[in-house]
Amino acid sequence: MIVNGKRLLADVLKWKDEEIEETILVKDSYKFIPQMKKDGSIRSLFAPAKQLKRFQRRFLKYFLYRIPLDFFGIIKGFRPGSSYIDNARAHISHEMRFVLALDIEDAFPSVKADYLRKILQRVLRQEIEDLLHGLSPVVPLFSIKKAGWFRQLIKNRPQLNLFGNMEKVTEEFLDTVISLTTYQGRLPQGAPTSPYLLNIVFYYSGLMEKIRKFLWERDISVSDDGISHVQFTIYADDIVISSSRPILRTMGEDLINLIENESPFKINRQKIAYFRRDRIAPLITGLRMVSIVKKENELEDILKNTGLTAREKKNLKRKMLDKEGHWIVDSISLPKRKIRKIRGYINQATLIKGRFPLLDRIAANKITGYIACLKAIYGGRLPKQVSVPYQKYIDST
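Rules used in this analysis
Residues numbered from 1 in each chain as written. Predicted model: local features only at pLDDT ≥ 70, side-chain atom pairs only at ≥ 80, totals over all residues. Heavy atoms only, no water. Pairing = 2+ DSSP bridges. Helix = DSSP H or I, 4+ residues; strand = E, 2+ residues; numbered from the N terminus. Contact = heavy atoms within 4.5 Å. Axes fitted to C-alpha atoms, helices over the stretch in contact; angles between N-to-C directions. Left-handed = near helix turned anticlockwise from the far one by under 90°. Nonpolar A, V, L, I, M, F, W, Y, C, P; charged D, E, K, R; others polar. Buried < 20%, exposed > 50% of the residue type's maximum accessible area, 1.4 Å probe, protein only.

As for the sheet that holds strand β8 (residues 283–284)
- If you walk across this open sheet you meet the 3 strands as β8-β9-β10, and the pairing is antiparallel. The open sheet is flanked by β8 and β10 (326–333), the only strands paired with a single partner.
- Judged from the 2 bridges that link them, β8 and strand β9 (residues 287–295) form a sheet pairing that is antiparallel. Bridge assignment links Ile 284 to a residue of β9, and that residue is Leu 287.
- Packing against the sheet, helix α12 (residues 296–303) makes contact with β9 and β10, and its axis sits at approximately 90 degrees to β9.

The structure is reproduced here in structure tokens:
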């Protein structure tokens, strides 16, 4: 059996050696797709060739997703079961009265191939050290049966590498992986592997932990009663911090300097946003943080069919109601202009429905996506501005 890094990669993907070689031949085959940003600048997207994209999807599924990320739920983007809605909901509490939102400028191309290689090398070294000492990795990266020979290679390293040179196999594996997941020496925006690799850089570079330590030292993370009063999340290139205590602009500048000095990333100074909830509803990853004030009788209606005893209801109301007999419901909402845009599109689709079959199919798919998004945001229901025209669209023939 040939023992090398390409063979290891093929076995991890459950591929043949020839398929890896075919992919290497098209490793630089990307199609440039310019995309206009809201500010008028151009975002550079690069779509990989079919064979390369096929490799990247399998590598994401069989290897990258097995690399564990943070255990604090800080990273919200590009992870199974997490979305921009979860990122916004993390900051939903009205007690978090102050919000700082930062945007990383050109996050993907900021990660150079050499830097990414060092990060992945660190991950692999930890895996190898665990196996050498007889420990079970949290999520084994080489649990695929076909890659079992590599685990044996690691275990036999003390016996003069009887089955091959483990370091050489690892280095070739990394070289091949980096060549197939980067383009022009950087992480390309548009490749299936890039988003999760960006997450890996956030976590394994130590940047996340340094930001957490920074917040702790600035005394906004924990109050005197020991309860956490700060929330910190990362979604793609957005970093959001919300706190019950004021976030001073000087502290924001110190945080930006920390990020820029301790990582390859630069903050877009034009997109720095400070929010105070008593002045404006914060906008986080495209969603508004809103607090709805409701009256005691509305709470009574909800508690009627809960099955709670009278004492339990009384204790619950005591915790929820303020001195004026009001209670606050924290929620997220799509900005009004976006809701109006969706409503307008549905109205237009209703007017032309049945005239052009191809346009009908395109509109139906787009509206289905809109409705699914709105239901995810509003907990299975639709805002009235959309529900009425949507019902007309459904009923139209």
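With respect to the packing of helix α15 (residues 357–377) against helix α16 (residues 384–395)
- Where α15 meets α16, the closest approach of the two axes is 12 Å, and the angle between their N-to-C directions is 145 degrees. Handedness of the crossing formed by α15 with α16: left-handed. For the pair α15 and α16, the contacting residues are Asp 360, Ala 363, Ala 364, Ile 367, Ile 371 and Leu 374 in the first and Val 386, Tyr 390 and Tyr 393 in the second.
- For the contact of α15 with α16, a count of residues per class yields 8 nonpolar, no polar and 1 charged.

Brief notes about unusual backbone geometry
- The backbone phi angle of Phe 78 is positive, close to 60 degrees, even though this residue is not glycine.
- Within the fold, Phe 78 resides in the loop between α3 (50–62) and α4 (84–89).
- Residue classification places Phe 78 among the partly exposed residues on the basis of a relative accessible area of 31%.
- With a phi close to 50 degrees, Asp 106 is a non-glycine residue in the positive phi region.
- Mapped onto the elements, Asp 106 comes out in the loop between β3 (98–105) and α5 (107–110).

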